[in-house]
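# Examination of the molecular architecture
Each chain is listed here by its residues.
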Amino acid sequence: MAMTHVERENQLPLAYVYTATGALVIGAVFGLLQSYSRAKAFTAPAWFDYYRMLTAHGVLMAIVFTTFFICGLALFMVYRAVPRERSLRLGWSGYVLMLFGTLLATWAILSGNASVLYTFYAPLKAHPAFYIGATILVVATWFVLAEVLENVAYFRRTQPGARLPLVVHGVTCTFVMWFIATLGVAAEMLIYLIPWSLNWVPTVNVMMTRMLFWYFGHPLVYFWIMGAYLIWYNVVPVFYGGKVFSDGLTRLAFLLLLILSTPVGIHHEFMEPGISAGWKWVHTMTTYGVVIPSIMTAFAIFASFEMSARAKGQPGFIGVIRSLPWGNPAFSGAALGMLLFIFGGAGGVVNASYSIDALVHNTMWIVGHFHVTVGGPVALTFVGAAYWLVPALTGRKLWAPKLALAQTWAWFIGMLVMSTGMHWAGILGSPRRTDDVTYFGVAAAHAWMPEMIAAAVGGTILFISILMFVMVAIGTRFSSEVNDQPVAFAESEPESAPPPAAFDRIYAWGAAAIVLAVLAYIGPIHELVSLHPYGAPGERTW
Amino acid sequence: MHVHRLERIWMTFGIVALVIFLGVLGTAAISEGIVPPSHIQTIDPTKVVTTPPFNNPGLRKIGENEYEAYILAQYPAFTPHEISIPAGAKVTFFTTSSDVVHGFFITNTDVNLMVVPGWVSTATHVFRSPGQYLLLCNEYCGREHHYMYGTIEVR
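Treat the numbers as computed from the prediction; the structure is a model and nothing was measured. (Residues numbered from 1 in each chain as written. Chains lettered and ligands numbered in written order. Predicted model: local features only at pLDDT ≥ 70, side-chain atom pairs only at ≥ 80, totals over all residues.)

### Observations concerning the overall build of chain B
Across its full length, chain B holds one helix and ten strands. What you see in chain B, going N to C, is helices and strands ordered as α-β-β-β-β-β-β-β-β-β-β. Taken over the C-alpha atoms alone, chain B extends approximately 65 × 35 × 25 Å along its principal axes. Counting the 155 residues in chain B, one finds 41% classified as buried. Across chain B, the fraction of contacts at a sequence separation of at least 24, relative to all contacts at a separation of at least 6, is 57%. (Helix = DSSP H or I, 4+ residues; strand = E, 2+ residues; numbered from the N terminus. Buried ≥ 20, exposed ≤ 12 C-beta atoms within 10 Å, placed from the backbone. Contact = placed C-beta atoms within 7 Å.)

### Some thoughts on the overall build of chain A
A count of helices and strands for chain A gives 17 helices and zero strands. Computed over its C-alpha atoms, the radius of gyration of chain A comes to 23 Å, within 12% of the 24 Å expected for a compact globule of 542 residues. The principal-axis extent of the C-alpha atoms belonging to chain A is close to 60 × 50 × 50 Å. Looking at chain A as a whole, 60% of its 542 residues are labelled buried. (Rg over C-alpha atoms; globule rule 2.2 N^0.38 Å.)

### Digging into the environment of A:Ile301
Note on placement: A:Ile301 falls in helix H10 (residues 292-311). Those residues within four positions of A:Ile301 in sequence are excluded, and the remaining contacts are A:Trp232 and A:Met338.

### Brief notes about the domain arrangement of chain B
Looking at the assigned domains, one finds that chain B contains domain 1 (1-35) and domain 2 (45-154). Inter-centroid distance (C-alpha atoms) of domain 1 of chain B to domain 2 of chain B is 36 Å. (Domains from an automatic or database assignment.)

### Focus: the interface of chain B and chain A
Listed per partner, the contact involves 57 residues of chain B and 63 residues of chain A. When residues of the side of chain B that touches chain A are traced back to their parent elements, those giving at least two are helix H1 (5-32), strand S6 (102-106), strand S7 (112-115), strand S9 (131-136) and strand S10 (149-154) of chain B. When residues of the side of chain B that touches chain A are assigned to their parent elements, the largest contribution, eleven residues, is made by H1(B).

### Describing unusual backbone geometry
Here B:Pro52 and B:Pro53 are connected by a cis peptide whose omega angle stands at 0°. By the secondary structure assignment, B:Pro53 is in the loop between H1 and strand S1 (58-63). A cis geometry characterises the amide bond from B:Tyr75 onward to B:Pro76, with omega recorded as -10°. Mapped onto the fold, B:Pro76 is located in the loop between strand S2 (66-74) and strand S3 (77-79). Here the phi dihedral of A:Arg433 falls at roughly 55°; this positive angle occurs in a residue that is not glycine. Among the secondary structure elements, A:Arg433 is positioned in the loop between helix H15 (401-427) and helix H16 (449-477). Phi is positive for A:Tyr439, close to 45°, though the residue is something other than glycine. By the element assignment, A:Tyr439 lies in the loop between H15 and H16. You can call A:Tyr439 buried: it has 23 C-beta atoms within 10 Å.

### Overview of the nonpolar core
One recurring pattern in soluble globular proteins: nonpolar side chains tend to sit buried together. Judged by nonpolar contacts, the single largest core of 232 residues is most densely connected at A:Ala74, A:Val78, A:Met177 and A:Leu258. Setting aside its immediate chain neighbours within four residues, A:Val78 contacts A:Val148, A:Asn151, A:Val168 and A:Val171. (Core = buried A, V, L, I, M, F, W, Y, C linked by C-beta atoms within 7 Å.)

### Brief notes about the domain arrangement of chain A
Interface size is commonly expressed as the accessible area that is lost once the parts come together. Residues and elements named next belong to chain A. Domain parsing of chain A yields domain 1 (1-235 + 241-318 + 507-542) and domain 2 (325-488). Here domain 1 and domain 2 have C-alpha centroids that lie 18 Å from each other. Every contact between the two is made by 45 residues of domain 1 and, on the other side, 36 residues of domain 2. Those elements giving two or more residues to the side of domain 1 that touches domain 2 turn out to be helix H1 (5-38), helix H2 (50-81), helix H6 (206-234), helix H9 (277-289) and H10. A total of 14 residues in the side of domain 1 that touches domain 2 trace back to one element, the largest contributor, which is H1.

### Some remarks on the packing of helix H5 (residues 166-197) of chain A against helix H8 (residues 247-260) of chain A
Residue and element names in this part refer to chain A. Running from N to C, H5 and H8 cross one another at 10°; their axes reach a closest spacing of 8 Å. Overall, the two elements H5 and H8 adopt an arrangement that is roughly parallel. Residues Leu166, His169, Gly170, Cys173, Val176 and Met177 of H5 form the contact with H8, whose own contacting residues are Asp247, Thr250, Arg251, Phe254, Leu255, Leu257 and Leu258. In terms of residue class, the contact of H5 with H8 is made up of eight nonpolar, three polar and two charged. (Axes fitted to C-alpha atoms, helices over the stretch in contact; angles between N-to-C directions. Parallel < 35°, antiparallel > 145°, perpendicular 65-115°, else oblique. Nonpolar A, V, L, I, M, F, W, Y, C, P; charged D, E, K, R; others polar.)

### As for the sheet that holds S6(B)
Residues and elements named next belong to chain B. With mixed pairing, the five strands of this open sheet are ordered in space as S4-S10-S9-S6-S7. At either end of the open sheet lies a strand with only one pairing partner, and these are strand S4 (82-85) and S7. Shown here is a sheet whose adjacent strand axes are inclined to one another by a mean of 20°, direction ignored. Strand direction decides the pairing type here: S6 and S9, joined by two bridges, are antiparallel. Paired with Ile106 across the bridge in S9 is Leu135. (Pairing = 2+ DSSP bridges.)

### Things to note about the pairing of S10(B)
Residues and elements named next belong to chain B. By the bridge criterion, four bridges tie S4 to S10 in an arrangement that is parallel. Across the sheet, residue Ile83 finds its bridge partner in S10, namely Ile152. Sheet analysis places S9 next to S10, joined by six bridges and oriented antiparallel. Bridge pairing in S10 links Gln132 to Glu153.

Set out below in structure tokens:
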């Protein structure tokens, strides 16, 4: 039976989502073993040590899972919001290249040639295949960007004067932001790390690679968050028959994320030499600025809940809670993720707080923080969204929705337990990225063990949750029941005063984002260059 | 574009909170000098072990209960890895790396530095209460990263 063009089109986002799922499952096995290792319940074998697992966990979860999922989600959203017969050549080229880059980098990690963690800080010197593979993975996402922009151009060409659909506006902001951010890591790889790993140059400028990494590393975080926000704004209201709270403010939130996500990266480098305190202060202020679209989002999400509850005649706090579709695992994944983000957002403000960062920098607090952000609101929203997305893409009904629902709750509870243990261990001084934190029985390290055991308990619950997710995924793959739910994206009530036309000029905002990024980095980079820092030769210490 | 009255209130609350946080941090920075460690001094990482003062790392007394500690971070150890000081001692730590990036974190204090090859990092701390403090490398530096630690004995 010949596939319709929509069925053929669906194969592409599906390939992205399945690849993301594969990365999530493999990454989860390593995550579980790491939590046991730190709780002294497991010792990694010499032929596959803790740091190799940690590198695989970080790369597979933070880069591969998130990027593949967001690319698949973005293509799905754009394809459904701008229906047409289309060539998929660009999208599939991106997918194949991203997969190739992933396999190359993963080979380097699993074979023990790249135990450099997902931040690959020079002068730890990995096999060139790691840097080349990671670069291909990241740069190939530009194909997805091109596919998004091509569809935006098509929409504007065929519907002159019409506003870009809200969901397409959000996707476009996300990928324009991502493009600006990835220029940093591409430069780090192509100018510094790849030539050095191939021994074409003897040394590497360590501080410059760190600055370029974090130029990319923090907008990477916002790329994840924008992926979750795309679902919160455009998809979640459909689950309760609600509306987007405000079309204009949604567009503005994405535009603010586009311009403010990049000029903030030095808040990851507060404890470093070679960057003056003044530049660190500038990045503290800009980091606080990028909190603003998240404050807007918090309001918009809960306002949308309340409007819908009132329309159903269920006012008041309890009425709102009761009116929501808690039986739908796609909703519960997103909603529980939103709850986790309250902790994640508050912790993030602590980390960004300049001198206060000294108390938490590189402690387990940070690990707790990013598990209750990318591992909470982002990953749980994505996992929940898969229960809506995969049936929409395959036409197969979700298998065992009760199991799926229990899965989202298990994730929520597991993440709460694990991240609380991690945060507390960090406050007590336990370092991150460390296999064995007993330090030969030094008294100061005793206090951490109960927290590490709590983290391992939370990790176990999370791992069980992921096994449940796999069961539902496999069951759905072989489900014979037909999913006939139409796909729709949420819209706002018609607004009396439409948002300014400037909100649709995304590329102008992109240009402003580049200007802000240049302003935020030109000073620190000039400072670094003018000091003529010594190069470091690099070593393989694993 | 219409912005709901409640949203105006919420956004004002949020932005005012951020401005207050920045005000607290900024005031502490200006009036108390509480800023992140941002020392700017380069050193050739390949010659660290022969460059003073890191050719002779250790504790130096520079005044009445005031010290400078030069500590070399070299995978997978700190040199020296044990120092002993009287209670109330004010210690300024200077550290650098001869190989990869390390961390320099003294638990239960705010001494938390990245040690980057090619650069000297520094922080000052007054050790008021006696006891044993743990100095540890809190940035992954290699397979034996978790063995990279030291102790500070406050008498």
